[in-house]
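Below, each chain spelled out in residue letters.
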Amino acid sequence: MELPTPDSFVLSRKAEIVAALQAVLPDGCVIDAPEETRAYECDALTAYRCPPLAVVLPETTEQVAAALKVCHQMNVPVVPRGAGTSLAGGSMPTSDSVVLGVARLTDVLETDYPNRFIRVQTGRTNLSVSGAVEENGFFYAPDPSSQLACAISGNIAMNSGGAHCLKYGVTTNNLLGVTLVTMEGEIVEIGGAHMDASGLDLLGVICGSEGQLGVVTEATLRILPKPEGARPALIGFDDNAVAGACVSDIIKAGILPVAIEFMDRPCIRATEAFAGAGYPDCEALLIIEVEGSDAEIDAQLARISEIARKHNPVELRESRSSDESAKIWLGRKSAFGAMGQINDYMCLDGTIPVSELPYVLQRIGELSKDYALGVGNVFHAGDGNMHPLILFDANKPGDLEKCEAFGADILKLCVEVGGCLTGEHGVGIEKRDLMSHQYTPEDLEAQMKVKDVFDPKWLLNPAKVFPLDTSENRRGAQGDAA
Amino acid sequence: MTTDILSPQSEADLAQAIASANAPLSIQGGGTQGMGVNDATRLSTSGLNGVTLYEPGALTLVAKAGTPVANISDLLAKENQRLAFDPRDLRGVLGTEGAPTIGAVAAMNNSGPARVTAGACRDFMLGVRFVDGSGDIVSNGGRVMKNVTGYDLVKLMSGSHGTLGVLTEVSLKVLPTPEMTGVLLMNGLSDADAVAAMSAALGSPYEVTGAAHAQSGVDAHPVTMIRIEGFEESVTYRLAQLKEMLGRFGDVAIETDPARTKAGWAWVRDCTVFEGKEGNLWRVSLKPSDAPGLVAKLAPENALYDWGGGLVWMVLPDSVDPRAQMDGLQGHATLMRGEGHVRFHPEAPGVAKLTQSLRKKFDPRGVLNPGLMG
């Protein structure tokens, strides 16, 4: 993965930059010792590492503004960081950058049940937002699998999804307002507790902008009342195409499950060996969860089973209790761990139209043979968001590169059939150079114009999202691009 | 307003029309919003007509911008599906004619009563194609439900009222039409009690899909309506649970007649109660619990609360400016019909600066709906 040449002028001014940051931040908020900045050299895309020039951990929005103002004046690139759980390298630094972490901004500022929102500082973890409203019977819906660790700031930057977004939507559908600090150090309030924008939907474009438009320090999030209960059914099929047809029939019948998860045979076998969840050895497995009262769940599961039976399943199991539910979910939840037991793996995140599922799985199987690398597929079938897990050996020279090439072929395939490169992980550095496969130069130009407006000098997370050659004239242009 | 109308029949022609424009253009779909820019050539998308993709099993529909909403609804109905966000048809209250188009619905983020739970138009927009102010054709998003590839210009275009570009195609997530609709009705509640009752219902696990209150309903008395949709067994159960829960606010009646529930929610959606009422029609978006206080200060003849109180419609005399009473409140007021005030709520300086810069980037010559949106 190529990174831009670090700005030698910035590197040469390290002492000056650190001093300027220390002058506007309290003691202990600026980290510049190499042994300490090393902790910030990567995120969850651990294959790529680079320690930053310095790290700042402000304690207030005003301090974030002050730090950004200093970096803006001194032309220092800034890499915003939540909890560092990005799988796409979204918070990976460059050596000439200052990492701005929001880890110390974790307060709940306001909870309002009649109006159904919570306002938090964005360093707070996703799960602890739900935790703050749980006793009153509410929850925050987006639930990425890293929810124990990931921060709301990163969720907003990447527009994170989760297992339940088929019913509840992703971050952008549950975000009402933000406090945004621009690269110039200006604090802007966008949106609020009300339900729509007064003018342009700036909130909509900030969400998912991968930390390139500003640093979000506070967020107003929609909270929802918890359902009375939830239970899944497990359905096994001998054929991927039949499983896909079953999903389509369930959706066409007007049933809206909260989650429809799909696993293919390699993944089923791996998880069975690892977790022993009692899954049938079949070609495709669906886990379909519905919500409501006990009687409502029974009625919905009965409807689902009736549809599934028409497709001759090899196994059909409706959960009747929380124990049975846990057993059905056990294998799915340990799928990544099970694949990791076999070897190192790379997790992809493309989305496809659901109707293309059988073809895409067949092509992935063929590519797996061509590259001689194993692959297992777990994915959110209701919305077509695939997570192929490619197995490789990190210690074997050339294997990572081969795995990346295989991954790129799968993502290009997703685009070819009418889908996209990333459904919920983001572009970051990982998929940056594939963007030209999905978008024309005019399409990318329109996106980059938005960055020109929010960050005329292109200092915020500049080496991400857009192919380096595409953004070259803007990066380091010192604002001329605007 | 001049009568010149450009009506390109293809995206390429529309791009050409914008690229060669040397004076302001007033962008319209079916022209049903009465929102044109004075002395500008009208540019209509009505020549871009047709559904290009519909996959019921994937809940996905792609249509050219000028496709009438009615055509899309008819097509969806054949598969027992519908537009999830209940777009408003304001022809009656605005006194306009013509066929509302899907492009205009998207460009206005036109969202009806379903917005409170299911989401707004922008939440169901999966992709767009548009022509910017320089005549460049841009595509963003796509036809899949989960997509974080690059910036979300789909949201930026939703509600941009043609000021950043002219939509040529919209891709939408649609939803199944529920088997049954049930409505809980309460009469005679004060505004504050109505908002409290709606909040209680929306805060319950029973998935309320609409919550509205009119100070003066069809029979001239206050009426509060709470909607439940889904499979019959579920709707019946939830109506009973909510009826018991809301008993503390007063008597609760239940309506499940399909024609009556449909008509009742169309009445809310289309603001029918304000048809033929003289004065300025305002749409105020705010925190539900702030709504009764603001309405009391403005003292309109009638107020219609939608979105559980988060959206208030009222008709006020030209001399009354609701914005003057909104200091310290989060939210905004839009003038939907009438005179004497700018249409959009003036924005705070930081936001206004970003908005103006975006417009300049996407429409450097200022030909797209100049003067609209601040």
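Residues numbered from 1 in each chain as written. Chains lettered and ligands numbered in written order. Predicted model: local features only at pLDDT ≥ 70, side-chain atom pairs only at ≥ 80, totals over all residues.

The name given to chain B in an unreviewed UniProt entry is FAD-binding protein, with the source organism recorded as Cognatishimia coralii.

Per an unreviewed UniProt entry, the recorded name for chain A is FAD-linked oxidase C-terminal domain-containing protein, and the organism is Cognatishimia coralii.

Participant: Please provide a residue-by-residue account of the overall build of chain B, values included.
Facilitator: If you tally the helices and strands in chain B, you get 10 helices and 18 strands. Over its C-alpha trace chain B gives a radius of gyration of 21 Å, about what one expects of a compact globule, namely 21 Å for 374 residues. C-alpha extents for chain B along the principal axes are approximately 65 × 50 × 35 Å. Looking at chain B residue by residue over its 374 residues, the buried ones come to 56%. The contacts in chain B between residues at least 6 apart in sequence include a share of 71% that link residues at least 24 apart. (Helix = DSSP H or I, 4+ residues; strand = E, 2+ residues; numbered from the N terminus. Rg over C-alpha atoms; globule rule 2.2 N^0.38 Å. Buried ≥ 20, exposed ≤ 12 C-beta atoms within 10 Å, placed from the backbone. Contact = placed C-beta atoms within 7 Å.)

Participant: Explain the overall build of chain A to me, and be specific about the residues and the numbers.
Facilitator: Looking only at helices and strands, chain A features 18 helices and 18 strands. Against the globule reference of 23 Å for 482 residues, chain A gives a C-alpha radius of gyration of 23 Å, in line with a compact fold. Along the first, second and third principal axes, the C-alpha atoms of chain A reach 70 × 55 × 40 Å. The burial tally for chain A puts 58% of its 482 residues in the buried class. Taking as baseline every contact in chain A between residues at least 6 positions apart, the subset at least 24 positions apart corresponds to 72%.

Participant: Give a detailed account of the packing of helix H2 (residues 14-24) of chain A against helix H4 (residues 61-73) of chain A, specifying residues and quantitative values.
Facilitator: All names here are of chain A. Across the interface, H2 lies against H4 with an axial gap of 9 Å and an inter-helix angle of 155°. If you check the angle between H2 and H4, you find them roughly antiparallel. Between H2 and H4 lies a crossing of right-handed hand. Contact residues: Ala-20, Leu-21 and Val-24 in H2; Ala-66, Ala-67 and Val-70 in H4. Considering only residue class, the contact of H2 with H4 consists of 6 nonpolar, no polar and no charged. (Axes fitted to C-alpha atoms, helices over the stretch in contact; angles between N-to-C directions. Parallel < 35°, antiparallel > 145°, perpendicular 65-115°, else oblique. Left-handed = near helix turned anticlockwise from the far one by under 90°. Nonpolar A, V, L, I, M, F, W, Y, C, P; charged D, E, K, R; others polar.)

Participant: Any details on the packing of helix H14 (residues 357-371) of chain A against helix H15 (residues 399-416) of chain A? Residues and values, ideally.
Facilitator: Residue and element names in this part refer to chain A. Remark: H14 packs on H15, axes separated minimally by 11 Å, with the N-to-C direction vectors making an angle of 160°. Here H14 lies roughly antiparallel to H15, going by the angle between them. Note on packing geometry: the crossing formed by H14 with H15 is right-handed. Contacts between H14 and H15 involve Val-360, Arg-363, Ile-364, Leu-367 and Tyr-371 on the former and, on the latter, Lys-402, Phe-406, Asp-409, Ile-410 and Leu-413. Along the lines of polarity and charge, the residues of the contact of H14 with H15 split into 7 nonpolar, no polar and 3 charged.

Participant: Requested: an account of the domain arrangement of chain A, with residues and values cited.
Facilitator: All names here are of chain A. On domain assignment, one finds that chain A holds domain 1 (230-336) and domain 2 (343-432). Relative to domain 2, the C-alpha centre of domain 1 lies at a distance of 23 Å. The interface is formed by 17 residues belonging to domain 1 together with 14 residues belonging to domain 2. Where the side of domain 1 that touches domain 2 is concerned, the elements lending two or more residues are helix H9 (240-252), strand S13 (259-264), helix H10 (265-275) and helix H13 (335-342). Looking at the side of domain 1 that touches domain 2, its residues break down into 12 nonpolar, 3 polar and 2 charged. (Domains from an automatic or database assignment.)

Participant: Outline the interface of chain B and chain A, supporting the account with residue identities and numerical values.
Facilitator: Facing 71 residues of chain B, the contacting portion of chain A comprises 76 residues. By residue number, the principal contributor to the side of chain B that touches chain A is helix H10 (residues 349-362) of chain B, which donates 8 residues. Residue classes in the side of chain B that touches chain A are distributed as 27 nonpolar, 29 polar and 15 charged.

Participant: Just give me the short version of the domain arrangement of chain B, but keep the residues and values in it.
Facilitator: Residues and elements named next belong to chain B. Segmentation of chain B into domains returns domain 1 (49-176), domain 2 (180-269) and domain 3 (272-337). Taking the mean C-alpha position of each, domain 1 and domain 2 sit 28 Å from one another. Listed per partner, the contact involves 8 residues of domain 1 and 10 residues of domain 2. Per-class residue counts for the side of domain 1 that touches domain 2 are 4 nonpolar, 2 polar and 2 charged.

Participant: A description of the environment of Ser8(A) should follow, citing residues and the corresponding values.
Facilitator: Position of Ser8(A) among the secondary structure elements: in helix H1 (residues 8-12). On a C-alpha basis, the gap between Ser8(A) and Asp96(A) in space is 7.8 Å, while along the polypeptide they are 88 residues apart.

Participant: Provide a residue-level description of the sheet that holds strand S7 (residues 125-132) of chain B, including the pertinent values.
Facilitator: Strand pairing in a sheet is mediated by backbone hydrogen bonds. Such pairs are either parallel or antiparallel. All names here are of chain B. The antiparallel open sheet is built from 5 strands, whose spatial order is S4-S5-S9-S7-S8. Lying at the two open borders of the sheet, with one neighbouring strand each, are strand S4 (51-55) and strand S8 (137-141). The mean inter-strand angle of the sheet, taken between neighbouring strand axes irrespective of direction, is 15°. With 5 bridges joining them, S7 and S8 adopt antiparallel strand pairing. Paired with Arg-129 across the bridge in S8 is Ser-139. (Pairing = 2+ DSSP bridges.)

Participant: Account for the sheet that holds strand S14 (residues 284-291) of chain A, with residues named and values stated.
Facilitator: All names here are of chain A. Read across the open sheet, the 7 strands follow the order S15-S12-S14-S13-S17-S18-S16; overall the sheet is antiparallel. The sheet terminates laterally at strand S15 (315-318) and strand S16 (344-347), the two strands that pair on one side only. Neighbouring strand axes in the sheet, compared pairwise and without regard to direction, differ in orientation by 15° on average. Inspection of the sheet shows S16 paired to strand S18 (residues 385-392) by 4 bridges, in the antiparallel sense. Looking across to S18, one finds that Cys-347 is bridged to Leu-389. The strands touched by H9 within the sheet are strand S12 (230-237), S13 and S14, with S14 carrying the most contacts at an inclination of about 15°.

Participant: An account of the pairing of strand S5 (residues 108-112) of chain A is needed here, citing residue identities and associated values.
Facilitator: All names here are of chain A. Of the strand pairs in this sheet, S5 and strand S6 (residues 117-121) are connected by 4 bridges, and their pairing is antiparallel. Across the sheet, the residue bridging to Val-108 is Val-120, located in S6. Connecting the antiparallel pair S5 and S6 is a turn made up of 4 residues, with Arg-116 showing a positive phi of about 55°.

Participant: A description of the UniProt feature "domain: FAD-binding PCMH-type" (unreviewed entry) in chain A should follow, citing residues and the corresponding values.
Facilitator: Following the UniProt record, the feature "domain: FAD-binding PCMH-type" (unreviewed entry) maps to residues 48-226 of chain A here. Here residues 48-226 of chain A is 21% helix and 25% strand, with 39 Å between the C-alpha atoms at its ends. (UniProt positions renumbered as here; feature names shortened; annotations may be inferred.)

Participant: Let's hear about unusual backbone geometry: which residues, and what values?
Facilitator: Note on backbone geometry: most residues besides glycine have negative phi, and most peptide bonds are trans. Positive phi values are uncommon outside glycine, yet Arg116(A) reaches one of about 55°. As for its position among the elements, Arg116(A) is in the loop between S5 and S6. Within the chain, Asn80(B) stands out as a residue other than glycine whose phi angle is a positive 60°. Summarising the element assignment, Asn80(B) is placed in the loop between helix H2 (69-78) and strand S6 (81-82).

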